[in-house]
Amino acid sequence: MLILKLTLICLFFISSFEGCALSGHLPEEAFASPTLQIVVFRLNKLSGTLPRSLMTNPGLVSLKLEESSITGTLPADIDKMVNLTRLELNMAIGGTLPPSLGNMVKLQALSLVLTRLTGTIPSELGNLKSLATLDIWAENLEGPIPASIGQLESLEVLSLDHINTGPISRTRRANWKPIEIPEAIGNLSRLTHLDLNGGFSGTVPASITRLRALKNLVMLQTSVGGAFPADFGNLPLEMFSLS
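Remember, it's a predicted structure, so these values are computed and weren't measured experimentally. (Residues numbered from 1 in each chain as written. Predicted model: local features only at pLDDT ≥ 70, side-chain atom pairs only at ≥ 80, totals over all residues. Heavy atoms only, no water.)

Q: In this structure, what is going on with the confidence of the model for the protein? I would like to understand it.
A: Interpreting fine coordinate detail is not advised for predicted regions of low pLDDT. Averaged over every residue, the pLDDT of the protein is 87; residues scoring 70 or more account for 86%. Segment residues 1-12 is flagged for pLDDT under 50; beyond a separation of four residues in sequence, or across chains, it makes 24 contacts in the model. Between residues 165-170, whose pLDDT stays under 50, and residues either more than four places distant or in other chains, the model counts 14 contacts. (pLDDT = per-residue confidence, 0-100. Contact = heavy atoms within 4.5 Å.)

Q: Please explain the packing of aromatic side chains as it appears in this structure.
A: Describing an aromatic ring pair means giving the distance of the ring centres and the angle of the ring planes. Applying the stated criterion across every chain yields a total of four aromatic pairs. Ring centres 6.0 Å apart and planes at 75° place the aromatic pair Phe-31 and Phe-41 in the edge-to-face group. Within this pair, whereas Phe-31 is found in the loop between strand 2 (23-25) and strand 3 (38-42), its partner Phe-41 is found in strand 3, the two being separated by 10 residues in sequence. Per residue, the accessibility class of Phe-31 equals that of Phe-41, and both read buried. Put simply, the rings of Phe-228, Phe-232 and Phe-240 touch in pairs and so form one group of aromatic residues. (Phe/Tyr/Trp six-rings, centres within 6.5 Å; stacked < 30°, edge-to-face > 60°. Helix = DSSP H or I, 4+ residues; strand = E, 2+ residues; numbered from the N terminus. Buried < 20%, exposed > 50% of the residue type's maximum accessible area, 1.4 Å probe, protein only.)

Q: Could you clarify how one ought to interpret the nonpolar core in this entry?
A: Soluble globular proteins: nonpolar side chains tend toward being buried together. Met-55, Leu-63, Leu-89, Leu-134, Leu-158 and Leu-194 are the most contacted members of the largest nonpolar core, which has 60 residues in total. A per-element tally of this core places strand 9 (residues 133-142) first, with four residues. In this view, Leu-158 contacts Leu-134, Ile-149, Ile-185, Leu-188, Leu-191, His-193, Leu-194 and Asp-195; residues no more than four positions away in its chain are not counted. (Core = buried A, V, L, I, M, F, W, Y, C linked by side-chain atoms within 4.5 Å.)

Q: Is there a simple way to explain the environment of Pro-236 in this structure?
A: Looking at where Pro-236 falls in the secondary structure, it is placed in the loop between strand 14 (216-219) and strand 15 (239-242). Accessibility expressed as a relative area gives 27% for Pro-236, which makes it partly exposed. For the pair Pro-236 and Ala-213, spaced 23 residues apart in the sequence, the C-alpha separation amounts to 7.0 Å. Those residues within four positions of Pro-236 in sequence are excluded, and the remaining contacts are Leu-211, Arg-212, Ala-213, Leu-214 and Lys-215.

Q: Explain a nonpolar patch on the surface here, please?
A: Residues Phe-228, Phe-240 and Leu-242 make up a contiguous nonpolar surface patch of about 260 Å² in total accessible area. Here Phe-228 is to be found in the loop between strand 14 and strand 15. (Patch = residues over 30% accessible without salt bridge, like charges linked within 9 Å, V, L, I, M, F, W, Y side chains within 5 Å. Areas by Shrake-Rupley, 256 points an atom, 1.4 Å probe, with all protein chains shown as cover. Salt bridge = Lys/Arg side-chain N within 4 Å of Asp/Glu carboxyl O.)

Q: What is the right way to read the environment of Met-219 from this model?
A: When you line up the elements, Met-219 lands in strand 14. Beyond its immediate chain neighbours, meaning those up to four positions away, Met-219 contacts Ile-181, Leu-196, Asn-197, Val-204, Val-224, Ser-241, Leu-242 and Ser-243.

Q: Mind showing me how you'd approach the side chain of Asp-77 here?
A: Its location among the elements puts Asp-77 in the loop between strand 6 (70-71) and strand 7 (86-90). One polar contact links Asp-77 to Arg-52, side chain to side chain, over a distance of 2.4 Å. In this structure Asp-77 touches Arg-52, Thr-56 and Ser-100, once residues within four positions along its chain are discounted. (Polar contact = N/O pair within 3.5 Å; in protein donor to acceptor, adjacent residues only side chain to side chain.)

Q: How do you make sense of the sheet that holds strand 6 when you look at a structure like this?
A: Backbone-to-backbone hydrogen bonds pair the strands of a sheet. The strands run either parallel or antiparallel. Pairing within the open sheet is parallel, and its three strands lie in the order 2-4-6. Because the sheet does not close on itself, it has two edges, and the strands there are strand 2 and strand 6. Examined bridge by bridge, strand 2 and strand 4 (residues 45-49) share three bridges and lie parallel to one another. Across the sheet, residue Gly-24 finds its bridge partner in strand 4, namely Leu-46. (Pairing = 2+ DSSP bridges.)

Q: Would you take a moment to explain the environment of Thr-120 for this structure?
A: With respect to the secondary-structure elements, Thr-120 resides in strand 8 (residues 109-120). Residue classification places Thr-120 among the partly exposed residues on the basis of a relative accessible area of 35%. Each C-alpha atom, one on Thr-120 and one on Leu-97, is 7.3 Å from the other, the two residues being 23 residues apart in sequence. Apart from the residues lying within four places of it in its own chain, the contact partners of Thr-120 are Leu-97, Leu-141, Glu-142 and Gly-143.

Q: How should unusual backbone geometry be read in this particular structure?
A: A negative phi angle characterises most non-glycine residues, just as the trans form characterises most peptide bonds. Cis geometry is found at the peptide bond from Gly-143 to Pro-144, where omega equals 0°. Within the secondary structure, Pro-144 sits in the loop between strand 9 and strand 10 (157-161). Look at Leu-114: it is not a glycine, yet its phi comes out positive at around 55°. By the element assignment, Leu-114 lies in strand 8.

Q: So what exactly am I meant to see when it comes to the pattern of salt bridges here?
A: Pairing between side chains of opposite charge can happen when the charged atoms of each approach one another. Inspection of every chain in the model, using the stated rule, returns four salt bridges. Across the pair Asp-77 and Lys-80 runs a salt bridge whose closest N-O atoms are separated by 3.3 Å. Through salt bridges with shared partners, one network takes in Arg-52, Asp-77 and Lys-80.

Here's what the structure looks like:
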């Protein structure tokens, strides 16, 4: 019955299910409709894996999933979603970030929270010139952060969280290495909010003083040491949190 109802509902422009107590798996056949543009599943009781038809639908403009019991990976051909502007996944997806994300040039928001992602951030993400928000929470994501991140000319919010806590917390792999803050971060001239939490080390790069739009800076549970750059006090910060 769930499969039939979802298949029928997903023929429409928008499918939104928030706190509806839906259970079971998301059916593959429910998300192939070319008319479907917006999908929201949030705070239900769904399980299973991400349907491929949902993660490759070229008609989708916005996809938001906040379902803690759904697993899966991001498909290598996720760039088939050529019209997607918002991708927000708050769930235990694993695997790596596919380089093909860099082909999704209409993306304005990419948020991957409470994930089990591993590997590195692909340099191809620097191609996302329209991206305003980049939020990744993955305790086993590794460095280096690519210099191409400095090419995100529209970026206003950057949040990279590697804190080893939360409902999916695991022991980090033995070969995991801390991540240094890249010098290229100083090229993000529109950045207003910078969150760097968890597994960061090294020093704060001098280039951070070029972030003249920066209002909020949060650095929690890091191993970053040394002195702050000489002109750090000239940043227009309204909130600075360090621990």
